[in-house]
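Per-entry structural report
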Amino acid sequence: MKAQSAGGAIELRHPRWADFEDWAALRRESTDYLRPWEPDVSTAGLHRPAYRARLSRLKKLVQQDRAYPFNIFREGTLVGACNITHIDRGTAQSAKLGYWIGERFTGRGFARAAVTASTTFCFEGLGLHRVEAAVQTDNAASIKVLQAAGFTFEGVARGMLKIDGAWRDHDIYARLSGD
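Calculation notes
- Residues numbered from 1 in each chain as written.
- Predicted model: local features only at pLDDT ≥ 70, side-chain atom pairs only at ≥ 80, totals over all residues.
- Heavy atoms only, no water.
- Helix = DSSP H or I, 4+ residues; strand = E, 2+ residues; numbered from the N terminus.
- Rg over C-alpha atoms; globule rule 2.2 N^0.38 Å.
- Buried < 20%, exposed > 50% of the residue type's maximum accessible area, 1.4 Å probe, protein only.
- Areas by Shrake-Rupley, 256 points an atom, 1.4 Å probe, with all protein chains shown as cover.
- Lys, Arg positive; Asp, Glu negative; His and termini not counted.
- Charge placed at Lys NZ, Arg CZ, Asp CG, Glu CD.
- Axes fitted to C-alpha atoms, helices over the stretch in contact; angles between N-to-C directions.
- Parallel < 35°, antiparallel > 145°, perpendicular 65-115°, else oblique.
- Left-handed = near helix turned anticlockwise from the far one by under 90°.
- Contact = heavy atoms within 4.5 Å.
- Nonpolar A, V, L, I, M, F, W, Y, C, P; charged D, E, K, R; others polar.
- Core = buried A, V, L, I, M, F, W, Y, C linked by side-chain atoms within 4.5 Å.
- Salt bridge = Lys/Arg side-chain N within 4 Å of Asp/Glu carboxyl O.

Things to note about the overall build of the protein
Of the regular secondary structure elements, the protein holds five helices and eight strands. The helix and strand sequence of the protein, counted from the amino end, reads β-β-α-α-α-β-β-β-α-β-α-β-β. Its C-alpha atoms give the protein a radius of gyration of 16 Å, near enough to 16 Å, the size a compact globule of 179 residues would have. When each of the 179 residues of the protein is scored for burial, the buried share is 45%. Counting every atom, the protein has about 9400 Å² of accessible surface; 49% of that belongs to carbon and sulfur. Distance between charge centres in the protein, computed from 25 positive and 20 negative side chains, equals 5 Å.

As structure tokens, then:
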């Protein structure tokens, strides 16, 4: 998928083996930056066997229509990732959306473009009705991304995820296919 950001055109594509070096380097250099926002941020899984297992797991999830992971590229450079997960094909027709941008690439609109493109894919490509994203209540930059992408605040999930050793509250934002 291609999308336009304030920093230029981006491309979203499924993770590949050839992405390993760039992915591991970006995760490694952004570890401290991402730690306050993501569960289990460490450099422990940034080696080839773990990445191979990750790709195998992701491939199965795509085949089962349970998740669609995307790496975000700007002019061939990996800048982050945007993942559609927890797809519910029952009466909910819904999914969850998560994303991250490497520290040196923040503030250029890459997250907003990726969230917008992924949400469009959910509605037009997958036929979903609802996309939900959770963001820590003090993550102003991520809240701004979701609001700019048309997501609506729905409430607070208390103690939703354990991040950096503590259970954190998250604001729940959602967008419906009819929004």
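A word on the packing of helix 4 (residues 110-125) against helix 5 (residues 140-148)
Where helix 4 contacts helix 5, the axes come no closer than 9 Å and their chain directions differ by 45°. With respect to helix 5, the axis of helix 4 lies oblique. Two packed elements cross with a definite hand, and for helix 4 against helix 5 that hand is right-handed. Contacts between helix 4 and helix 5 pair Ala111, Arg112 and Val115 from the former with Val145, Leu146 and Ala148 from the latter. Classifying every residue of the contact of helix 4 with helix 5 gives five nonpolar, no polar and one charged.

So, the nonpolar core
Looking at soluble globular proteins, one finds that nonpolar side chains tend to be buried together. Judged by nonpolar contacts, the single largest core of 45 residues is most densely connected at Leu12, Ile72, Ile84, Val115, Leu146 and Phe151. Per element, the largest residue contribution to this core is eight residues, and it comes from helix 4. If we skip the residues at most four places from it in the chain, Ile72 touches Ile10, Glu11, Leu12, Thr77, Leu78, Val79, Gly80, Ala81, Cys82, Trp100, Ile101 and Ala114.

Notes on the side chain of Asp171
By secondary structure assignment, the location of Asp171 is in strand 8 (residues 166-176). Buried within the structure, Asp171 lacks any salt-bridge partner; Arg158 is the closest side chain of opposite charge, at an N-O distance of 11 Å. Sequence-distant contacts of Asp171, defined by excluding residues within four places in its chain, comprise Ala133, Ala134, Val135, Thr137, Ile143, Phe153, Gly155 and Val156.

Notes on the pattern of salt bridges
Overall, the coordinates contain nine salt bridges when judged by the stated rule. Among the ionic pairs, Glu21 bridges to Arg48, the shortest N-O distance being 2.3 Å. Within this pair, whereas Glu21 is found in helix 1 (residues 20-29), its partner Arg48 is found in helix 3 (residues 48-63), the two being separated by 27 residues in sequence. One salt bridge in this structure joins Asp65 and Arg89, with 2.6 Å as the shortest N-O distance. With a gap of 24 residues between them, Asp65 in the loop between helix 3 and strand 3 (68-74) and Arg89 in the loop between strand 4 (77-88) and strand 5 (94-101) connect regions that are remote in the sequence.

Fair warning: the whole summary comes from geometry, so function is off the table for now.
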